[in-house]
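Analysis of the macromolecular model
Here is what each chain is made of, one letter per residue.
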Amino acid sequence: MKKSIAVLRGDGIGKEVTKGAIEVLKAVAVQYNHEFTFQHALIGGAALDAEGTPLPAETLEVCKKSDAVLLGAVGGPKWDVNPPHLRPEKGLLQIRKELNLYANVRPVTCYNSLLDSSPLKKEIIENVDFVIVRELTGGLYFGKPSGRKIDNGEEAVVDTLSYKRSEMKRIIEKAFEMARSRRKKITSVDKANVLESSRMWREVAEEVAKDNSDIMLEHMLVDNAAMQLIRNPRQFDVIVTENMFGDILSDEASMLTGSLGMLPSASLSTDGPSLYEPIHGSAPDIAGKNLANPIATILSAAMLLRLSFGLEEEATAVERAVEQVLDAGYRTADVASVQKRAVTTGEMVERIKEALIEDGAISNIMEAYA
Ligand SMILES: NC(=O)C1=CN([C@@H]2O[C@H](COP(=O)(O)OP(=O)(O)OC[C@H]3O[C@@H](n4cnc5c(N)ncnc54)[C@H](O)[C@@H]3O)[C@@H](O)[C@H]2O)C=CC1
Ligand SMILES: CC(C)CC(=O)C(=O)O
Ligand SMILES: [Mg+2]
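All figures in this text were calculated on a predicted structure; none of them were measured in a lab. Throughout, residues of each chain are indexed from 1 in the direction in which the sequence is written. Here every chain gets a letter starting at A, and every ligand a number starting at 1, in the order they are written. The model is predicted, so local features are restricted to residues of pLDDT at least 70 and side-chain atom pairs to those at 80 or more, both for listing and for counting; the totals for chains, interfaces and linings are taken over all residues. Each side-chain value is worked out from all heavy atoms of the structure, with water and hydrogens disregarded.

**Some words on the site of ligand 1**
By convention in these notes, a residue is near a molecule or strand provided one of its non-hydrogen atoms lies within 4 Å of it. Close to ligand 1 lie 19 residues; V74, E89, G281, A283 and D285 are nearest. Under this definition, polar contacts are N or O atom pairs within 3.5 Å; protein pairs additionally need one hydrogen-donor-capable and one acceptor-capable atom, and for neighbouring residues in sequence, both atoms have to be side-chain atoms. Contact between ligand 1 and A283: an oxygen atom at 2.7 Å from a main-chain N or O atom of the residue. N293 has a polar backbone atom sitting 2.9 Å from a nitrogen atom of ligand 1. Computed with the Shrake-Rupley method and a 1.4 Å probe, the accessible areas treat only the protein chains shown as cover for residues. If ligand 1 stood free it would expose 800 Å²; the protein chains cover 69% of that surface. Residues were grouped as follows: Ala, Val, Leu, Ile, Met, Phe, Trp, Tyr, Cys and Pro as nonpolar; Asp, Glu, Lys and Arg as charged; and all remaining residues, including Gly, as polar. The residue makeup of the shell around ligand 1, split by class, is nine nonpolar, seven polar and three charged.

**As for the packing of helix α10 (residues 295-307) against helix α11 (residues 312-327)**
One way to put it is that α10 packs onto α11 with a least axis distance of 7 Å and a crossing angle of 160°. In terms of orientation, α10 and α11 fall into the roughly antiparallel class. Note on packing geometry: the crossing formed by α10 with α11 is left-handed. Mapping the contact onto sequence places I295, I298, L299, A302, L305 and R306 in α10 and E312, E314, A315, T316, V318, E319, V322 and L326 in α11. Among the residues forming the contact of α10 with α11, the class breakdown is nine nonpolar, one polar and four charged. Every angle, taken between N-to-C directions, lies between 0 and 180 degrees, and every axis is a line fitted to C-alpha atoms, over only the stretch in contact when it is a helix. By definition, any uninterrupted DSSP run of H or I lasting at least four residues is a helix, any uninterrupted run of E lasting at least two residues is a strand, and each is numbered from the N terminus. Note on angle classes: values under 35 degrees are labelled roughly parallel, values over 145 roughly antiparallel, values of 65 to 115 roughly perpendicular, and the remainder oblique. Handedness of a helix crossing follows the sense of rotation of the near helix relative to the far helix, less than a right angle counterclockwise being left-handed and clockwise being right-handed. Only heavy atoms enter the contact rule, under which two residues are in contact if any of them lie within 4.5 Å.

**So, the site of ligand 2**
In the vicinity of ligand 2, the contacting residues are E89, L92, R96, R106, R134, Y141, D247 and I279. Within the side chain of R96, a nitrogen or oxygen atom sits 2.8 Å from an oxygen atom of ligand 2. In isolation ligand 2 exposes 280 Å². Once the protein is present, 77% of that is buried. It is helix α4 (residues 88-98) that contributes the most residues to the shell around ligand 2, three residues altogether. Counted by class, the shell around ligand 2 contains three nonpolar, no polar and five charged residues. Here the bounds of each domain stem from an automatic or database domain assignment. Here the shell around ligand 2 spans two domains, since at least three of its residues come from each of domain 1 (1-101 + 265-370) and domain 2 (119-257).

**Thoughts on the packing of helix α1 (residues 13-32) against helix α12 (residues 345-357)**
Where α1 meets α12, the closest approach of the two axes is 10 Å, and the angle between their N-to-C directions is 15°. Considered as vectors, α1 and α12 are oriented roughly parallel to each other. Like other packed secondary-structure pairs, α1 and α12 cross with a definite hand, here right-handed. Where α1 approaches α12, its residues E16, G20, E23, V24, A27, V28 and Q31 are matched on the opposing element by T345, V349, E350, I352, K353, L356 and I357. Grouping the constituent residues of the contact of α1 with α12 by class yields seven nonpolar, three polar and four charged.

**Thoughts on a positive patch on the surface**
Only residues whose relative accessible area exceeds 30% and that take part in no salt bridge are eligible for patches, with like-charged residues grouped when within 9 Å of each other and nonpolar side chains (Val, Leu, Ile, Met, Phe, Trp, Tyr) grouped when within 5 Å. Note on definitions: salt bridges are taken to be side-chain nitrogens of Lys or Arg within 4 Å of carboxyl oxygens of Asp or Glu. Here the positive residues are Lys and Arg and the negative ones are Asp and Glu; neither His nor the chain ends is included. A single reference atom marks each charge: NZ on Lys, CZ on Arg, CG on Asp, CD on Glu. Together, K90, K97, K144 and K164 make up a positively charged patch on the protein surface. Topologically, K164 is positioned in the loop between β7 (154-158) and α6 (165-180).

**Let's talk about the packing of aromatic side chains**
Geometry of an aromatic ring pair is reported as the spacing of the ring centres plus the angle between the planes. Working definition: a ring pair exists when centres of Phe, Tyr or Trp rings (six-membered ring for Trp) sit within 6.5 Å. Plane angles under 30 degrees give stacked, over 60 give edge-to-face, the rest tilted. In total, this model carries three aromatic pairs according to the counting rule given. Summarising the aromatic geometry, the rings of F36 and F309 are spaced 5.7 Å apart at their centres and angled 45° between planes, so their arrangement reads as tilted. Placement of F36 in strand β2 (residues 35-40) and of F309 in the loop between α10 and α11 is noted, with a sequence separation of 273 residues between them. Accessibility classification places F36 together with F309 in one group, the buried group. Charge over a ring is defined by NZ of Lys or CZ of Arg lying within 6 Å of the ring centre and within 35 degrees of the ring normal. Over the face of the ring belonging to F142 we find K97, whose NZ or CZ atom lies 4.9 Å from the ring centre. Note on classification: 1.4 Å probe, protein chains only; a residue is buried when its accessible area is under 20% of the maximum for its type, exposed when over 50%, partly exposed between these limits.

**Comments concerning the sheet that holds strand β10 (residues 238-241)**
Hydrogen bonding along the main chain pairs the strands of a sheet, whether they run parallel or antiparallel. Pairing in this open sheet of 10 strands is mixed, and the strands run β2-β1-β3-β12-β11-β4-β5-β10-β8-β9 from one edge to the other. Looking at strand neighbours, the two that pair on one side only are β2 and β9 (216-221), the edges of this open sheet. α6 rests against β4 (103-109), β5 (129-135), β8 (185-190), β9, β10 and β11 (266-268) of the sheet, and its axis sits at about 165° to β5. Along the sheet face, helix α8 (residues 222-231) touches β5, β8, β9 and β10 and points at about 105° away from the line of β9. In this scheme, strands are said to pair when DSSP sees at least two bridges between them.

None of this, on its own, says anything about what the molecule does.
Dropping the structure here:
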């Protein structure tokens, strides 16, 4: 199969983790006789430095012409003082809007071998397997008007949360579709006791449920959901929610798995190429140190293979390789219980490639660490 992948490395650890995922995708191409081409383009702080804008027109062109997009992360302290339109994050929001990436699918899977890496008890996180379906192109992050003004002689600020019914419907329908091939349960998360947008969200969810009576729908207020994720995460199958709630809940959920560096995501488009990205940011505190966990991005690449290219066997092989390497005891620093035994980003990538190329080749690797 011949496919083109646009790669937006971005900033900080975005560069390191995408490098690792590309290496894994290249290994897949060799192993399964595919031809993947990679075209790099600028986004975020790197694009601001080079082009004066966080999303150059050329980047958008490259993405639109490709079969899928792989993104690292954007942002960093260097650009924190910039005005809103010159923030790296603005480039990420813009590309989500431009490519109609309405659905951000964030699977949360607890690996058996990492049960001791989570701050939560093993009994709580064992067999946790759910997916957060986050609306990605509406809500507060895209609200207009937004900004500062003077109100009665005092500085005031406004951010607006707005959604169209159709925007709610399409993401909730996506969640129902996903639940159908899973355990057929949806938890729709909102703040309907306070927000009008949430009351409409509930109405829409009920309407969609009427046409999907094989799926069980429950509603949960977001503050309770944040608590239930820690109390009893196994109760969840598919969580569907608006943009900001999904953003926050998924970072929280990542700690069930042991680290923010473990959660992949797919940002699905209504029409054109979809984009695949780890849920984490550019991690300026560890950037450039070869410390980042590349697994979230490698698992995002597996989602790319499955969802954009239909390569189920290859996607499963990547996921199996990750699991095998973790089972063998390899850990980056974020999930290592004994820090001095932690491996670097580069070594983790090497081990995953090795496991992919030769299934079972790494069975005794922890001997080196004993
Ligand atoms: N999708 C994106 O591009 C996102 C960008 N950001 C941006 O990233 C910058 C830093 O934001 P933070 O709040 O620090 O969030 P962050 O997600 O970059 O990091 C939070 C913490 O998790 C750790 N961490 C994150 N990914 C990791 C990985 N793969 N391996 C090991 N440890 C990892 C970091 O070292 C840090 O201690 C900001 O400019 C923010 O706006 C934040 C979230 C998402
Ligand atoms: C620019 C932010 C909305 C990025 C982020 O935190 C995310 O998408 O998870
Ligand atoms: Mg986030």
